[in-house]
Amino acid sequence: MTAATPALETLRAAPKGLLHDHLDGGLRPGTIVELARELGYTGLPTTDPGALARWFHESASAGSLPLYLRGFAHTIAVMQTPEAVERVAYECGEDLARDGIVYAEVRYAPVFSTQRGMTLEHVVASVSRGFERAEQAHRITLRQIVCAMRDRTDSLEMAELAIAFRERGVVGFDIAGEEAGHPPKAHLESFQHCRRENFSITIHAGEAFGPPSIWQALQYCGAHRIGHGVRLIEDMAITSVRSGPASPAPTEPHSEVVKLGPLATYVRDKRIPLELCPSSNVDTGAVASLAEHPIRHFLAQHFRVTVNTDNRLMSAITLSEELRRVSAAFGLGLADVERLTINAMKSAFVGYDERVALIYARIKPGFAALRGEPSLAYALPPSA
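Residues numbered from 1 in each chain as written. Predicted model: local features only at pLDDT ≥ 70, side-chain atom pairs only at ≥ 80, totals over all residues. Heavy atoms only, no water.

1. What about the confidence of the model for the chain?
Should the pLDDT be low somewhere, the predicted coordinates at that spot are not to be read in detail. Overall, the predicted model of the chain reaches an average pLDDT of 93, with 93% of residues at or above 70. This stretch, residues 247–253, has a pLDDT under 50; its non-local contacts, to residues over four places away or in other chains, come to nine contacts. (pLDDT = per-residue confidence, 0-100. Contact = heavy atoms within 4.5 Å.)

2. Examining the nonpolar core
Counting residues in hydrophobic clusters, the biggest one holds 108 residues, and the most contacted among them are Leu96, Phe173, Ile203, Ile226, Leu232 and Phe303. When near neighbours in sequence (up to four residues on either side) are disregarded, isoleucine 203 contacts Asp174, Ile175, Pro184, Phe191, Ala217, Cys221, Ala223, Arg225, Ile226 and Gly227. (Core = buried A, V, L, I, M, F, W, Y, C linked by side-chain atoms within 4.5 Å. Buried < 20%, exposed > 50% of the residue type's maximum accessible area, 1.4 Å probe, protein only.)

3. As for the layout of surface pockets
Counted as a void, the largest pocket has a volume near 400 Å³. Lining the largest pocket we find 26 residues, and of these Leu69, Phe72, Met149, Ala176 and Gly177 sit closest to its centre. In terms of residue class, the lining of the largest pocket is made up of 12 nonpolar, eight polar and six charged. Of the volumes computed, that of the second largest pocket is approximately 280 Å³. Taken together, 17 residues line the second largest pocket, and the ones lying closest to its centre are Asp95, Arg312, Leu313, Ile317 and Thr318. For the lining of the second largest pocket, the leading source of residues is helix α6 (residues 82–98), giving three residues. Here the residues of the lining of the second largest pocket are counted per class, giving nine nonpolar, two polar and six charged. (1 Å grid on protein atoms, 1.4 Å probe; cavity = no way out; pocket = protein on both sides within 12 Å on 5 of 7 lines; lining within 4 Å. Points joined across faces, edges and corners; volume = space filled by probe spheres on them. Nonpolar A, V, L, I, M, F, W, Y, C, P; charged D, E, K, R; others polar. Helix = DSSP H or I, 4+ residues; strand = E, 2+ residues; numbered from the N terminus.)

4. Remarks on the sheet that holds strand β1 (residues 16–22)
Spatially, eight strands are ordered β1-β2-β3-β4-β5-β6-β9-β10 in an open sheet, and the strand pairing comes out parallel. Sheet topology places β1 and β10 (305–307) at the edges, where each strand pairs with a single neighbour. Across the sheet, the axes of successive neighbouring strands diverge by a mean angle of 25°, strand direction being ignored. Relative to β10, strand β9 (residues 274–276) runs parallel, the two sharing three bridges. (Pairing = 2+ DSSP bridges. Axes fitted to C-alpha atoms, helices over the stretch in contact; angles between N-to-C directions.)

5. Focus: the pairing of strand β6 (residues 225–228)
Where strand β5 (residues 200–205) and β6 come together, four bridges link them in parallel fashion. The partner of threonine 202 across the bridge, within β6, is arginine 225. One crossover worth recording links β5 to the parallel β6 by way of helix α10 (residues 211–219), and it is right-handed. For β6 and β9, the ladder comprises two bridges, and the chain directions are parallel. (Right-handed = clockwise from strand over helix to strand, strands pointing away.)

The structure is reproduced here in structure tokens:
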């Protein structure tokens, strides 16, 4: 893969899909300051929006998941009224639309917004109102994923909440939080309930904990997608093979032989989507650097790869910038970005008709225009 890296402006103009983005990890710094003032919250490290943005990123990029997560105490603290939650949801949709995103699934844990009297239902309804307003104002489709927290015992209640709002834009259920010591199968009852109700499941797995976390998410809990999954690389044996003489110089070109283990083979062959978040993985220490991110191996082995932001505030990232960094690091071109985008849309939790309509009405024509191709009418494929 050695295609020319698309310019950031081109990537912003490209119609994109986003599957893994946390609502409480993407607030505008200025909004945090304003809401803190309105709510009487005095715990912010600074009330200067620019300095606050820098504080969040410096805190999040300290190299561990627990340190990455500590900034959420401040964003959650200001999401404690219906008006505040609706504002955060609306601004999320507006920011994503301005970045060229045409479809997004945004996740959050409603239980964190109940500290000042809101019920769980009030929280989800407030997010729905904000998303509905953003959809009316911008050309974007927004859906919710409700998260339970893996260190709590109320995951079944969260699953029931998600399903109760399936007609108001909630399309999936997830568990989030620190992986170590909190395996997915501890929440088996909640996932079994989702499966009985034909409800979609994604699970944070394979980020701070290794392949067993991914295996449990799939084989015990029935996950349809894997959140992160970066440590699936540990089930892949990669051997470098030099193409020169027996004792080549260290700089001589070489190729790699990759052998997939049983878990990696299952994930690839069953087309289970990986919600990869490269910059976040670097920030949390899941990978040492972007250049060492295993996304290149997943792409080369034809996994169902998607690229995502995770937490836009904490990682100081947009999806366009994330795609620019990945493209520059691994030699991806615009055609590769289009493939990643279609991967995301194919893997979305909305219905088949809606997925296909967005691919053929927004994504394919949008990328064709960026390539300078004449305006084409993309016919919808016949139903299978």
